[in-house]
Amino acid sequence: MSVIVRVPTILRTYTGGARDVRVAVEGVGAQTVAGVLNALESGHPGILARVVDEEGRLRRFVNLYVDDEDVRGCGGLAAPVPPGSELVIVPAVAGG
């Protein structure tokens, strides 16, 4: 089974320009946000460091959604990502 990861324009240099990346979610721990991001990193090196900080926490100015649910409110990186779901990476926009 797999999950679709929707990649924002700013991170598409890591995915060869692909907007959507299909990621396999098989094995223990793979069906979590962290598992999906690790699988994404294995196929697209460098992208994980843009989403997760050095301590393994979600970066402050990055938002992740699993099927329209903000992961910060449902387990963070441990939030479940069922097969067939969509994980969307959204960089926060700030300014005045």
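Here, the structure is the one placed above.
Model, not experiment: these values are computed from the prediction.

**Q** Before we go on, may I ask you to explain the overall build of the protein in this structure?
**A** Helix and strand counts for the protein come out as 2 helices and 5 strands. Taken from the N to the C terminus, the helices and strands of the protein come in the order β-β-α-α-β-β-β. Against the globule reference of 12 Å for 96 residues, the protein gives a C-alpha radius of gyration of 12 Å, in line with a compact fold. Along the three orthogonal principal directions, the C-alpha set of the protein runs to about 45 × 30 × 25 Å. By the burial criterion, 38% of the 96 residues in the protein qualify as buried. Here the contacts in the protein between residues at least 6 apart in sequence split such that 48% fall between residues at least 24 apart. For the protein, the accessible area works out to roughly 5500 Å², and carbon and sulfur atoms hold 54% of it.

**Q** Help me understand unusual backbone geometry, please; the structure alone is not making it clear to me.
**A** Outside of glycine, negative phi angles account for most residues, and trans bonds account for most peptide bonds. Backbone geometry at Asp67 places phi at a positive 45 degrees, although glycine is not the residue there. Relative to the elements of secondary structure, Asp67 occurs in the loop between strand S3 (62-66) and strand S4 (69-70). With a phi angle near 75 degrees, Asp68 is a residue other than glycine that sits in the positive phi range. Mapped onto the elements, Asp68 comes out in the loop between S3 and S4. Residue classification places Asp68 among the exposed positions, given a relative accessible area of 72%.

**Q** In this structure, what is going on with the sheet that holds S3? I would like to understand it.
**A** In a beta sheet, neighbouring strands are held together by backbone hydrogen bonds and run either parallel or antiparallel to one another. The 5 strands lie next to each other as S2-S1-S5-S3-S4, forming an open sheet whose pairing is mixed. Pairing within the sheet leaves two strands with one partner each, and these edge strands are strand S2 (20-24) and S4. Where strand S1 (residues 2-6) lies against S2, 5 bridges are found, and the strand directions are antiparallel. The residue bridging Val3 from the neighbouring strand is Val23, located in S2.

**Q** Explanation requested: the side chain of Asn63 in the structure shown.
**A** Mapped onto the elements of the fold, Asn63 is located in strand S3. Leaving out residues up to four positions away in the same chain, Asn63 has contacts with Arg72, Val88, Ile89, Val90 and Ala92.

**Q** Explanation requested: the pattern of salt bridges in the structure shown.
**A** If the charged atoms of two oppositely charged side chains come close together, the side chains can form a pair. Overall, the coordinates contain 5 salt bridges when judged by the stated rule. Measuring nitrogen to oxygen at the nearest pair gives 3.5 Å for the salt bridge that ties Arg57 to Asp53. The shortest N-O distance in the salt bridge between Glu54 and Arg59 comes to 3.6 Å. On the accessibility criterion, Glu54 (71% relative accessible area) is exposed. Classification of Arg59 as partly exposed rests on a relative accessible area of 26%. Bridged by salt links that share partners, the residues Arg6, Asp20 and Glu86 form one connected network.

Definitions and limits used
Residues numbered from 1 in each chain as written. Predicted model: local features only at pLDDT ≥ 70, side-chain atom pairs only at ≥ 80, totals over all residues. Heavy atoms only, no water. Helix = DSSP H or I, 4+ residues; strand = E, 2+ residues; numbered from the N terminus. Rg over C-alpha atoms; globule rule 2.2 N^0.38 Å. Buried < 20%, exposed > 50% of the residue type's maximum accessible area, 1.4 Å probe, protein only. Contact = heavy atoms within 4.5 Å. Areas by Shrake-Rupley, 256 points an atom, 1.4 Å probe, with all protein chains shown as cover. Pairing = 2+ DSSP bridges. Salt bridge = Lys/Arg side-chain N within 4 Å of Asp/Glu carboxyl O.

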